[in-house]
Amino acid sequence: MDDSSCAVETSVSRDFAREIDHAAVGFIYANLERLSLALVLMPLSMVAVMWSTVDSWQLLLWLSVVLLVTVARVWLVGRYRAAQPGMAEAPRWGDYYALTSLASGISWGYAGYAFYLPDSTPHQVFLFTSTIGLVAGSIPLSSNWMRSYFAFTLPAMCGMVLRMMIEGGAANIGLLVLFLMYLGIAISIAKNTNRSMRESIGLRYQNLELVEKYRESCERAEQASRDKTRFLASASHDLRQPVHSLALLEEAAREEMGSVRGKELLCYMSVAINALNELLTSLLDISKLDAGAVVPQKSALHLDAMLRDLSREFSPQAESKGVTIRYRPCRFWVESDGALLGGILRNLLSNAVRYTDKGSILVACRRRAGKALIQIWDTGVGIPASEHERIFLEFNQLQNPERDRSKGLGLGLAICRRLADLLGHRLELRSIEGRGSVFTVEVPLAKPPLRDRTAATPASPWDIRGLSVLVIEDDQAVLRSMEAILGKWGCDVMSAGSIEIAEQRIAEKPEIDLILADYRLRDNTNGVQAIERVRTKLNRNVPAILITGDTAPDRINEARRSGNVLLHKPVAPAVLRNAINAQVRSEGTAGTSALAAEPAYSEPPGRL
């Protein structure tokens, strides 16, 4: 049993037990030397009082032992100061002090037995008072290490207790009872002192820990501020570049629309538009993850199909560089969200292809401690050890200081880290500069699900002909474009530029299957309010999709709380059609996640 267990249970966290022990032992050694004079005067006074009644040689021998113990304690203080023990060694030095306390207690216990004079009341009172005084005086120092207090107190009092029991008589028995009562009180006081001391030291360490945590929080906040500044500066640059390019190309294309040069310029414009769309979509992905608007839908997934398809998807791109993608079949089932996990692996594989110019890329998995380790190995440029954490920051690219968009945006690994944290999957990197890298995603294993052989084959997700759609959009150009694309897909379209007009439309024709609403509408209204007004008017839960160009986290969370699918402009026609189909087939229940209908993590390479 250690010192802390001798005291009653305290409220101090056990995390600080070693620090408390170290402080308690340090207090003993810091104050022990100050008591040296008292430790010498007490036995000298005992010898002086007892000199005429006790054998002098016995007194001198006892005095020599007591003074030798005092010298040993002073020597121990010097050794402690020289050693400057740490927290691990503190209990050992506390026990050294306890041994000297035991020797001192035995010495004084012997005095209480041998120097007890039954026929001399003054000598009995002196001996009784001296022993009680020593027991009480040792509380402030020795109670810091309760072993030392017990080691001194019990032997020191046992001598007189034994002698009074032997002598017998009413007076001795009465004195014995008082003596034992005092012993119990002294031990109780020592325990309370020990508890108070340990709580006080524990609170001090807790305060120090809080100060340290506050300092770390401030540093993290400052780092986040610096990262955000760098993020916004890079985002501003990358957003302005394609827009600037578009402005120049558009002006040049006006005069040469019918020529070969004009068609070439339009192709360049298409590249610029795709680059801008890619950047906006990646920024949106990060915004959704930071806003907590992406809710994983985990299930049992078979890795073999996912990894095989990813390997095939990137093989043409790798082969064009003379790089081979090798895939080892994987039989494991894992517990994860297929779309989000696919987004992580697609980014990692895209990076491997981008930064590997020779050799090969290996896609494989292995099992360890109930987890599947999905690994992507490459023989590319590698990453210096000092950069292993920085590569997961936004817009951080080691091989692209000139911000060439053909080399990526520097957002893929940042999204990977956020997705891995969201899913609770561990993402690791091992790399040697100039030799290659291996990224590992650690995913929990799962049991294969029971196959439902009676499940019907779903209908084509592209068959939405005859669907009655209410479009609420206050921008006339966008409204006409939506009418055109929906009409082309065979939908029956009703258009409204405001909530009031939408209510007029459904009053004329209440049989609608879907609502498409822009978020920002006229008169400080929004699409969430419009959808709710229409549903209330129709008295049924009509499936709905929100469309917006606003990427603010508050907007994303509001859409999520409303239970509607949220699509962000510019919306690809394939994404819009897939979202419509998903909403109608699920009767409005498929859109509780802000990414439910938007395949943000399953598009071709470069998407993230």
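What counts and what doesn't
- Residues numbered from 1 in each chain as written.
- Predicted model: local features only at pLDDT ≥ 70, side-chain atom pairs only at ≥ 80, totals over all residues.
- Heavy atoms only, no water.
- Helix = DSSP H or I, 4+ residues; strand = E, 2+ residues; numbered from the N terminus.
- Buried < 20%, exposed > 50% of the residue type's maximum accessible area, 1.4 Å probe, protein only.
- Polar contact = N/O pair within 3.5 Å; in protein donor to acceptor, adjacent residues only side chain to side chain.
- 1 Å grid on protein atoms, 1.4 Å probe; cavity = no way out; pocket = protein on both sides within 12 Å on 5 of 7 lines; lining within 4 Å.
- Points joined across faces, edges and corners; volume = space filled by probe spheres on them.
- Nonpolar A, V, L, I, M, F, W, Y, C, P; charged D, E, K, R; others polar.
- Disulfide = S-S within 2.5 Å.
- pLDDT = per-residue confidence, 0-100.
- Contact = heavy atoms within 4.5 Å.
- Phe/Tyr/Trp six-rings, centres within 6.5 Å; stacked < 30°, edge-to-face > 60°.
- Lys NZ or Arg CZ within 6 Å of the ring centre and 35° of its normal.

1. What about the side chain of S101?
Next up, step 1: Residue placement: S101 occurs in helix α5 (residues 90–114).
Next up, step 2: A relative accessible area of 0% means that S101 is categorised as buried.
Next up, step 3: Only 3.0 Å separates the side chain of S101 from the side chain of R73, close enough to count as a polar contact.

2. Remarks on the layout of surface pockets
Next up, step 1: When its volume is computed, the second largest pocket comes out at roughly 360 Å³.
Next up, step 2: Lining the second largest pocket are 21 residues, and of these L35, L39, R73, L134 and S138 lie nearest its centre.
Next up, step 3: Among the secondary structure elements, those contributing two or more residues to the lining of the second largest pocket are α3 (36–50), α4 (56–83), α5, α6 (121–137) and α7 (139–142).
Next up, step 4: The class makeup of the residues in the lining of the second largest pocket is 13 nonpolar, seven polar and one charged.

3. Some points on the state of the cysteines
Next up, step 1: A full pass over the atoms with the stated rule returns one disulfide.
Next up, step 2: The disulfide partner of C330 is C365, and the S-S distance across this bridge is 2.0 Å. Negative torsions about the S-S bond denote left-handed disulfides, and the value of about 135° found for C330 with C365 makes this one right-handed. A residue pair is termed long-range when its members are at least 10 positions apart, and C330 in the loop between β2 (324–327) and β3 (333–336) and C365 in strand β4 (residues 360–368) qualify at 35 residues. Accessibility classification places C330 together with C365 in one group, the buried group.

4. Notes on the confidence of the model for the protein chain
Next up, step 1: With 74% of its residues at a pLDDT of at least 70, the protein chain reaches an overall mean of 75.
Next up, step 2: Helix α1 (residues 3–6) is the least confidently modelled element of the protein chain, averaging 40 in pLDDT, while strand β8 (residues 468–472) averages 91, the highest of any element.
Next up, step 3: Confidence drops under a pLDDT of 50 for residues 1–14, and excluding neighbours within four residues, the segment shows 25 contacts in the predicted structure.
Next up, step 4: The model gives residues 588–608 a pLDDT under 50, and that stretch makes 72 contacts with residues more than four places away or in other chains.

5. So, the packing of aromatic side chains
Next up, step 1: Under the definition given, this model contains nine aromatic pairs.
Next up, step 2: Relative to W93, the ring of Y80 lies with its centre 5.6 Å away and its plane at 80°, an arrangement referred to as edge-to-face. Here W93 lies in helix α5 and Y80 lies in helix α4, a separation of 13 residues in the sequence. Of the two residues examined, Y80 and W93, each falls in the buried class.
Next up, step 3: Pairing Y110 with F115 gives two aromatic rings, centres 6.3 Å apart and planes at 80°, and the pair type is edge-to-face.
Next up, step 4: The class of Y110 is partly exposed, set by a relative accessible area of 40%.
Next up, step 5: Under the relative-accessibility criterion, F115 is labelled buried at 0%.
Next up, step 6: Above the ring of Y113, the side-chain terminus of R163 is found at 5.4 Å from the ring centroid.

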